[in-house]
Amino acid sequence: MRILLVEDHDLIGEAVRDHVAASNHAVDWMRMIADAEAALGSVRYGLVLLDLQLPDGSGIDFLGRMRKSGDTTPVIVLTARDQISDRIEGLNAGADDYLVKPFNLGELEARIAAVARRYDAKPQPVLTFGTIEIQRTEHRITVSDKTVDLTAREWAVLDLLVARPGNIVAKDRIEEALYAFGSEIESNTVEVYVSRLRKKIGRDRIRTVRGLGYAFGDAMGDR
């Protein structure tokens, strides 16, 4: 998924960004609340990792504004505040989880996966489509019992498509998922990655819906 990291501490931010990116997520790292609010206004994120003490304001206030505006994006609070009252305040403000610094990066990864499952429209960890088996949490796919290797960008595209089999995913939604990997998005970037996926998992598995986007599998048979 595409994740917004809001953290002003350089060492912590770099460690979290690199670890989360290594798990095949795209990460946008913002150090200021103003930048985070601008990002949320222009990009659809799957998750926000939020520090509470930021140079230009309170993370709690930022979270409160998110929820009041109707933004339901899942939020995991990352903070040095370890009092029970602080945790209660964060959860009451709309946080989905709360992790106290210093924390283990493996635990953070597990909590990201747990929150994502709760919000996922297709929460099953293993999806099967004919001869294709996809283990989403482990980023593993087999075709006719043979393991297929996918790049992080290919996973980003595939994960969007298999979340709602048969439904159309708009091209710009796929571009959003790819953008944070640090490369410029050319006019044919989505087509390139869809083509690569088709070569690896079968050309008939991803349908092009002209003028709208792409859909995984048959509109009825692969739901």
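Residues numbered from 1 in each chain as written. Predicted model: local features only at pLDDT ≥ 70, side-chain atom pairs only at ≥ 80, totals over all residues. Heavy atoms only, no water.

### What to know about the packing of aromatic side chains
For the coordinates displayed, the defined rule picks out one aromatic pair. The ring centre of W29 lies 3.8 Å from the NZ or CZ of R31, which sits over that ring. (Phe/Tyr/Trp six-rings, centres within 6.5 Å; stacked < 30°, edge-to-face > 60°. Lys NZ or Arg CZ within 6 Å of the ring centre and 35° of its normal.)

### Structural notes on unusual backbone geometry
The residue after K101, namely P102, is reached through a cis peptide bond having omega -5°. Structurally, the position occupied by P102 is in the loop between β7 (97–100) and α5 (105–119). Residues other than glycine seldom take positive phi values, yet S144 does so here, at roughly 55°. Its place among the elements puts S144 in the loop between β10 (140–143) and β11 (146–148). In this model, D145 sits at a positive phi of 70°, which is unusual for a non-glycine residue. Here D145 is to be found in the loop between β10 and β11. (Helix = DSSP H or I, 4+ residues; strand = E, 2+ residues; numbered from the N terminus.)

### Things to note about the sheet that holds strand β1 (residues 2–6)
Judged by pairing direction, the sheet is parallel, and its five strands sit side by side in the order β2-β1-β3-β6-β7 without closing on themselves. Both edges of this open sheet fall to β2 (26–30) and β7, since each of them pairs with a single strand only. Each adjacent strand pair in this sheet contributes to an overall mean axis angle of 20°, direction not counted. In the sheet, β1 pairs with β2 via five bridges, with the strands oriented parallel. Residue pairing for β2: L4 is matched across the bridge by D28. (Pairing = 2+ DSSP bridges. Axes fitted to C-alpha atoms, helices over the stretch in contact; angles between N-to-C directions.)

### So, the pairing of strand β8 (residues 126–129)
Here is the key point about a regular strand: its side chains alternate between the two faces of the sheet. Only one face of β8 is covered, namely the one carrying L127 and F129; the face carrying V126 and T128 has none of its residues buried. One ladder, built from four bridges, connects β8 with strand β9 (residues 132–135); its direction is antiparallel. Paired with F129 across the bridge in β9 is I132. Here β8 folds back onto β9, and the loop between the two strands holds two residues, one of which, G130, carries a positive phi near 60°. (Buried < 20%, exposed > 50% of the residue type's maximum accessible area, 1.4 Å probe, protein only.)

### Looking at the confidence of the model for the protein
Model confidence for the protein is summarised by a mean pLDDT of 85, while 91% of its residues fall at 70 or above. Looking over the protein, one finds the lowest element-wise mean pLDDT in helix α7 (residues 171–179), namely 79, and the highest in strand β3 (residues 47–50), namely 95. Confidence drops under a pLDDT of 50 for residues 219–223, and excluding neighbours within four residues, the segment shows nine contacts in the predicted structure. (pLDDT = per-residue confidence, 0-100. Contact = heavy atoms within 4.5 Å.)

### A few points about the nonpolar core
Core analysis: the largest hydrophobic core is formed by 27 residues, its most contacted members being I134, I141 and L158. Among the elements of the structure, β8, β9, β10, α6 (152–163), α7, α8 (189–201) and β14 (213–216) are those that each provide at least two residues to this core. Here this core gets seven residues from one element, more than from any other, and that element is α6. Beyond its immediate sequence surroundings of up to four residues, L158 is in contact with I134, I141, L150, L197, I201 and F216. The next biggest cluster of nonpolar side chains, apart from the first, holds 22 residues, and it includes I33, A36, M66 and A93. (Core = buried A, V, L, I, M, F, W, Y, C linked by side-chain atoms within 4.5 Å.)

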